[in-house]
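Examining the three-dimensional arrangement
If you want the building blocks of each chain, they are given just below.
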Amino acid sequence: MSDKPERFIDDEGLRLDGRRVDEIRPMKVEMGVLSRADGSCYLEWGNNKVLAAVYGPRELHPRRMQKPNEVLVRYKYNMASFSVEDRIRPGPSRRSTEISKVSGEAFEPVVMTQYYPGAVIDVFAEVLQADAGTRTAAINAATLALADAGIPMKGLVSACAVGKVDGQLVLDLNKPEDNYGQADLPVAMTQDGEITLLQMDGHLTPEELEEGLEMVKKGCQQIIEIQREALISRYGNEDEEGEEAE
Ligand code: UDP
């Protein structure tokens, strides 16, 4: 692992990667990249590279796991062994099990589960290259993969972290900020601003928490725009098409 930097923010207010404190890393998405999945999305966010694939809705076996009145959404987050500096042991870990659980729950308020009782929707999020913020990157990719699979949703979910370095709040932590910073707060929210995932490492004062959540909300709004553009470029803008047809 690289050494702890002496400072994270310079006199000009710029971070080690040249960003301002409230700036997210550049994000690039591509939908429909896997032909055998019902929906998929490849997402790059700074140096993170993540692939999300959705299979279903399909019948759930064994049947005793079926939910009689709704669809079961299963979310599996996995870091490829080659995705980090020190190779990760393949297979599930406590960390990946926890991330899978909370990330799946982040979609509960938006996925309209009543439409496919007894069925299952499987979401796989594979981290190919990790550089801090992989759980949030995976959620951003998974939202688009779910939409690509045609899963009925009330809206999109976007996710971003906020943290603290050199005593200052910073949006979308990079690797050194995540590893050596004073706090890391990954958040996911619906497009209406309802928080669906909130975790915290480190310490923030109540005031910092409030300010950090405002920063993260702005970051998530930018991400929603990127997600929306990706959807429009793949499926077109229904409103515009409707207008043209008139
Ligand atoms: N990381 C690593 N090995 C691990 C877990 C994490 O090298 O076993 C790195 C990876 O770059 C990851 C970062 O540490 O993105 C931060 O990990 P964290 O657990 O905070 O999750 P993330 O920020 O990726 O959601």
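Preceding block: the structure.
Summary of the structure given here. (Residues numbered from 1 in each chain as written. Predicted model: local features only at pLDDT ≥ 70, side-chain atom pairs only at ≥ 80, totals over all residues. Heavy atoms only, no water.)

Attention shifts here to the overall build of the protein chain. When its secondary structure is counted, the protein chain shows five helices and ten strands. The C-alpha atoms of the protein chain give a radius of gyration of 19 Å, which matches the 18 Å a tight globule of 246 residues would have. In terms of overall dimensions, the protein chain has C-alpha extents of about 55 × 50 × 35 Å along its principal axes. Taken over 246 residues, the protein chain has a buried fraction of 46%. Residue pairs at least 24 apart in sequence account for 68% of intrachain contacts in the protein chain once pairs closer than 6 positions are excluded. Accessible area of the protein chain: about 13100 Å², with a carbon and sulfur share of 47%. (Helix = DSSP H or I, 4+ residues; strand = E, 2+ residues; numbered from the N terminus. Rg over C-alpha atoms; globule rule 2.2 N^0.38 Å. Buried < 20%, exposed > 50% of the residue type's maximum accessible area, 1.4 Å probe, protein only. Contact = heavy atoms within 4.5 Å. Areas by Shrake-Rupley, 256 points an atom, 1.4 Å probe, with all protein chains shown as cover.)

So, on to the pairing of strand β9 (residues 195-198). For a regular strand, side-chain orientation follows a simple rule: the groups alternate between the two sheet faces. Here three bridges tie strand β8 (residues 183-190) to β9, and the two strands are oriented antiparallel to one another. Looking at β9, one finds that Ala188 is bridged to Leu197. Taken together, β8 and the strand that follows it, β9, pair antiparallel across an intervening segment of four residues, in which Gly193 is found at a positive phi of about 90 degrees. (Pairing = 2+ DSSP bridges.)

In terms of nonpolar packing, the biggest core is built from 58 residues, with Trp45, Tyr75, Phe107, Ile139, Leu146 and Cys160 touching the most fellow members. Top contributing element to this core by residue count: helix α2 (residues 134-148), with nine residues. Excluding residues within four positions of it along the chain, Ile139 makes contact with Tyr75, Ser103, Ala106, Phe107, Val157, Ala159, Ala188 and Leu197. One finds Phe8, Ile9, Val165 and Val170 within the second-largest nonpolar core, a separate group that totals five residues. (Core = buried A, V, L, I, M, F, W, Y, C linked by side-chain atoms within 4.5 Å.)

By nearness alone, 13 residues border the ligand, and Arg95, Ala132, Gly133, Thr134 and Arg135 come closest of all. Arg95 is positioned with one of its side-chain polar atoms (N or O) 2.9 Å from an oxygen atom of the ligand. Taking Thr134, its side chain carries an N or O atom lying 2.5 Å from an oxygen atom of the ligand. Against a free-state accessible area of 500 Å², the protein chains account for coverage of 76% of the ligand. Put simply, the parts of the chain that give the shell around the ligand at least two residues each are α2 and α3 (175-180). In the shell around the ligand, the residues fall into five nonpolar, two polar and six charged. (Near = heavy atom within 4 Å. Polar contact = N/O pair within 3.5 Å; in protein donor to acceptor, adjacent residues only side chain to side chain. Nonpolar A, V, L, I, M, F, W, Y, C, P; charged D, E, K, R; others polar.)

Attention shifts here to the pattern of salt bridges. Applying the stated rule across the entire model yields 15 salt bridges. Put simply, Asp148 and Arg234 hold a salt bridge, and the shortest N to O gap is 2.9 Å. One end of the pair, Asp148, is in helix α2; the other, Arg234, is in helix α4 (residues 206-235), with 86 residues separating them in the sequence. On the accessibility criterion, Asp148 (11% relative accessible area) is buried. Relative accessible area serves as the criterion here: at 41%, Arg234 is assigned to the partly exposed category. Measuring nitrogen to oxygen at the nearest pair gives 3.1 Å for the salt bridge that ties Lys164 to Glu208. On the criterion of sequence distance, the pair formed by Lys164 in strand β6 (residues 157-165) and Glu208 in helix α4 is long-range, its members being 44 residues apart. Among the residues examined, Lys164 registers a relative accessible area of 12% and is labelled buried. Through salt bridges with shared partners, a single network forms among Asp17, Arg19, Arg25, Asp131 and Asp172. (Salt bridge = Lys/Arg side-chain N within 4 Å of Asp/Glu carboxyl O.)

Each pair of packed helices can be described by the angle between their axes along with the distance between the axes. Where α2 contacts α4, the two axes come as close as 11 Å, and the packing angle between them is 30 degrees. Between α2 and α4, the angle is such that the two are roughly parallel. For the element pair α2 and α4, the recorded crossing hand is right-handed. Residue-level contacts link Asn140, Thr143, Leu144, Ala147 and Asp148 of α2 to Ile223, Gln227, Ala230, Leu231, Arg234 and Tyr235 of α4. For the contact of α2 with α4, the residue count by class is six nonpolar, three polar and two charged. (Axes fitted to C-alpha atoms, helices over the stretch in contact; angles between N-to-C directions. Parallel < 35°, antiparallel > 145°, perpendicular 65-115°, else oblique. Left-handed = near helix turned anticlockwise from the far one by under 90°.)

Another point: the pairing of β8. With eight of eight residues buried, β8 lies mostly within the body of the structure. Neither face of β8 is left uncovered, since the one carrying Ala183, Leu185, Val187 and Met189 and the one carrying Asp184, Pro186, Ala188 and Thr190 both have all their residues buried. As paired elements, β6 and β8 share eight bridges and run antiparallel to each other. Counted as the bridge partner of Ala161 is Pro186 from β8.

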